[in-house]
Amino acid sequence: MIPTVLELLEGKNENYIMPFFWQHGEDEAVLRKYMEVIHSCGIGAVCVESRPHPDFCGDKWWRDMDVILEEAKKRGMKVWILDDSHFPTGYANGALENAPEELCRQGICYEGRNVRGGRKISVNVGKFLKKKNNKFSLFDLGGGAGKKRVFSPDKVLSATAVRMGKGDREQERVDLTPMIQNGRLVWDAPEGNWKIGLCKLSRNCGAHRTYINMMNPDSCRILLDTVYEPHFEHYKAEFGNTIAGFFSDEPELGNGKLYSGEKLGTDQDLPWSSTLAPELEKALGREWKNYMPYLWDSDLEPARTAQVRYIYMDAVTRGVKGAFSEQIGDWCRSHGVEYIGHVVEDNNSHARTGASLGHYFRGLAGQDMAGIDDIGGQVMPQGEDGPDKFMRFQTRDGEFYHYILGKLGPSLAAIDEKKHGRTMCEIFGNYGWAEGLRLERYLADHFMASGVNRFVPHAFSAKEFPDPDCPPHFYANGHDPQYKHFKSLMGYMNRVCALIDGGRHIAPVALLYHGEAEWTGEAMLMQKPARELLDAQIDFDILPTDVFWEKEYYHTSLDTEFRVNTQTYHALVVPYAQFISTAMVPVIGKLQQLGVPVIFVDGTPDGFYDGTENMDSVKKACLTVPLDQLTDILRQKGIPEITLAPKNNRIRYLHYRKETDIYYFINEGTENYQGTIEIPQKGAVYAYHAWDNALEEVEKTESDGKSCIKVELEPYQSLILVFDDAGGRALRKPLSYLEKFGKEAVFAGTWKRSICESIAYPSFRQEKEISLPDKLAEEMPKFSGWVRYEKKIELKGARRTILTISDAYEGVEVFVNGMSAGVQVVPTYRFDISGLVREGENTIVIEVSTTLERERAAAKNRTMPEKLMQNKVPAPTGITGTVLVYQEIE
């Protein structure tokens, strides 16, 4: 038996979970209690976050950190530190409020107008310079604490006239900057149609003006000086010991209307730094300022527009990579700790400016783990296509959240050796009080089956209940009914993560990152082919074009196989892109020689954004297929690993190879799946039931070097197949076995039901005789807490016995004769009660925990965010299905 499974069966779990522990300046006793609460969930680390703390990096903060570190050391826990006084990272604890202007954020703003020549043109440039640039969002802040610093007036960067030609021919550009005098541009325009573009430098744009400039290394150094260095000064001995590292939360370029996901070519300010000018001059020449209109206007020459936008975004994102991400990561590693975090990925922002960093892979280049974030309303059961709104106002791209978000992190972790295959996901936050263990189990499986193997649950808040800040909050000072069962979920996640850590996932397809293509022209979002692939159980990694430019760093090899770091691919899929990189030309030629198909989806490119290579050779060497035929072509070429019969587009899987091959399946549909899975290997195999920490038999046949495995997989459940010899250990039959071949013992009559609030547990009250399914939600529509059901039943002893509950909301624990049979949180709730049953009369007690949804929906002090996150129809309460017992037939 492989060591990982053996250790899990023996209860030797490593920790892969580090939840946010929010700090508001609570008393010492509260901090100590919460560290105990978190540790008692089987969690071995915390990520301490000011939310906000009233004295971040002040005396009170150090006293609170002393307490947390003392408790962590006592319990063998690790501590991560979120690296700013409040969200998002970049405020540098207010240091930019008084820093020199050149270290603060800067943007460029644009105004274009079409004019007819053959006359004198006059433009009021002074009015343009005074024009306000306030296109913010509901999250707008002038500074970290809402304070607005007054900066110097805006300045002209460029004034350019572009002759509007016909077709795609090169257009004439005229520098009009020398013609500006006393705030007015006066120009004798030659005949023809012209576009006049005014571009200005401004520190009076963007929502977070007193944040660090992510492209300026001196500005980013301020974050190190004001947050990182003081922590090292206070806790040098703990660095690399109790203190594991630092966490950056959603660092941003900060331009435009935050969280709107605007692309280049839209009416927004764009990020700027003095460091960009030499890069643009190097690429475009001394007249680089005359190309500024191409960043905004989309009616100019397409090829030139693609070139300029690529050069600008390449400079921006490489500036972020070096000045921010790598500088902070290098500091951490030189001080014995690690650097983690994530950017805003939402609705394709990962490849855009604004609330993100312009390029997912470059933005996280300096970090020691890949990172992503799932918050309320993003990934949801059956949310692939809708709803298209979150919290009633924010747009939502269900395809992105379900088919790309979970793959971004594991792809980066696989191709960047610095990450060691590790992906962190911030999870569970801001779903509202309606989120419970059922949804949390679904979310955990969704991301683990995508390859995520570290989690930051959001969040433990020690603030007095109810804290309105992005609920739910685990434990909630004793008010959270789900907390008692939360430990079981954490144990499950830790066990699965142990199986999918330390090796590599197997992905037969490489999917080209759409970032550069979207910067430069028309582009298909990569979630379109990703959906086709995942719905057909064809796994993939997302590859940025950088893997072909920076072959040494990414360990890219095209000599005998298509390999990037630890990963080997058998096909390259390119979503439609109007322009691609010249780096693809030799790559496509090499892949053709290796017999690796390169597939363009829905069309071939028009040209290149970074050169003038001939596109004909590319078109001849590649396949071009319609999106809906992509998976058929891949199957014809033998690319997919596994085959389901019958087909099902909601079965997801992860193939992971460490000590052996592991296949992890989940069902994200609404119907029970029954069928077979053909896997291209043979040999001994068992199922590891990660929730129960048990081994189960597998029904399989072998032929032609393949295994055909019979499976039954319910929604919300998982199946983990381990190709390994069980080492003589007994394998149990699946718990559903007795439902088909056992004898049903009938629960006749009523149940005795009682209830209590979480804060009063286990003092149950209001005892009542009821029949199942329970109508408690109708009787007490405002109730949240615990529901207890008790009944006596005659059973045979000394034989295998299974108790099943078809549905309940939400967590369920069963007691037989006063002994716990364990906790289950998703239907069908199955409990092996064999060792607890005695001959004759047995007392069955079932305790069900609800969410706080109904209580908070009825509360008079409900906040606006709670109202926005509230479900139109609340979840049911208690046991809403049937309870049955099955016993093995003699």
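Right above here is the structure, for reference.
Residues numbered from 1 in each chain as written. Predicted model: local features only at pLDDT ≥ 70, side-chain atom pairs only at ≥ 80, totals over all residues. Heavy atoms only, no water.

### Concerning the overall build of the chain
For step 1, the next point in the chain: Along its length, the chain carries 22 helices and 51 strands.
For step 2, the next point in the chain: Its C-alpha atoms give the chain a radius of gyration of 29 Å, within 12% of the compact-globule value 29 Å for 890 residues.
For step 3, the next point in the chain: Once the C-alpha set of the chain is aligned to its principal axes, its extents read approximately 105 × 65 × 55 Å.
For step 4, the next point in the chain: Counting only residues that meet the buried cut, the chain has 62% of its 890 residues in that class.
For step 5, the next point in the chain: Sequence separation of 24 or more characterises 79% of the internal contacts of the chain that already satisfy a separation of 6 or more.
For step 6, the next point in the chain: As displayed, the chain offers around 32,900 Å² of accessible surface, 48% of which is attributable to carbon and sulfur atoms.
For step 7, the next point in the chain: Counting 105 positive and 127 negative side-chain charges, the chain places the averaged centre of each group 4 Å from the other. (Helix = DSSP H or I, 4+ residues; strand = E, 2+ residues; numbered from the N terminus. Rg over C-alpha atoms; globule rule 2.2 N^0.38 Å. Buried < 20%, exposed > 50% of the residue type's maximum accessible area, 1.4 Å probe, protein only. Contact = heavy atoms within 4.5 Å. Areas by Shrake-Rupley, 256 points an atom, 1.4 Å probe, with all protein chains shown as cover. Lys, Arg positive; Asp, Glu negative; His and termini not counted. Charge placed at Lys NZ, Arg CZ, Asp CG, Glu CD.)

### A few points about the packing of helix α9 (residues 398–415) against helix α13 (residues 527–535)
Helix-helix packing: each pair is described by the crossing angle between the helix axes and the interaxial distance.
For step 1, the next point in the chain: Relative to each other, α9 and α13 sit at 80°, their axes nearing to 9 Å. In this view, α9 runs roughly perpendicular relative to α13, as classed from their interaxial angle. Along its contact with α9, which presents Glu399, Phe400, Tyr403, Ile404 and Lys407, the element α13 presents Gln527, Lys528, Ala530, Arg531, Leu534 and Asp535.
For step 2, the next point in the chain: A breakdown of the residues in the contact of α9 with α13 according to their chemical character gives 5 nonpolar, 1 polar and 5 charged. (Axes fitted to C-alpha atoms, helices over the stretch in contact; angles between N-to-C directions. Parallel < 35°, antiparallel > 145°, perpendicular 65-115°, else oblique. Nonpolar A, V, L, I, M, F, W, Y, C, P; charged D, E, K, R; others polar.)

### Focus on the environment of Pro457
For step 1, the next point in the chain: With respect to the helices and strands, Pro457 occurs in strand β18 (residues 454–457).
For step 2, the next point in the chain: Residue Pro457 is classed as buried on the basis of its relative accessible area, which comes to 0%.
For step 3, the next point in the chain: As a C-alpha pair, Pro457 and Lys289 span 168 residues in sequence and 46 Å in three-dimensional space.
For step 4, the next point in the chain: When residues no more than four places from it in sequence are discounted, the contact partners of Pro457 are Ile17, Met18, Pro19, Phe20, Ile427, Phe428, Phe474 and Met490.

### A closer look at the packing of α9 against helix α10 (residues 437–448)
For step 1, the next point in the chain: In contact at an axis separation of 9 Å, α9 and α10 are set at 55° when each is read in the N-to-C sense. Between α9 and α10, the angle is such that the two are oblique. On the side of α9, the interface is formed by Tyr401, His402, Leu405 and Gly406, while α10 contributes Tyr442, His446 and Phe447.
For step 2, the next point in the chain: Of the residues contributing to the contact of α9 with α10, the split by class is 4 nonpolar, 3 polar and no charged.

### Some points on the side chain of His359
For step 1, the next point in the chain: Mapping His359 onto the fold places it in the loop between β13 (338–342) and α8 (360–363).
For step 2, the next point in the chain: Relative accessible area serves as the criterion here: at 1%, His359 is assigned to the buried category.
For step 3, the next point in the chain: Beyond its immediate sequence surroundings of up to four residues, His359 is in contact with Thr317, His350, Ala351, Tyr513, Glu516, Trp519, Pro544 and Asp546.

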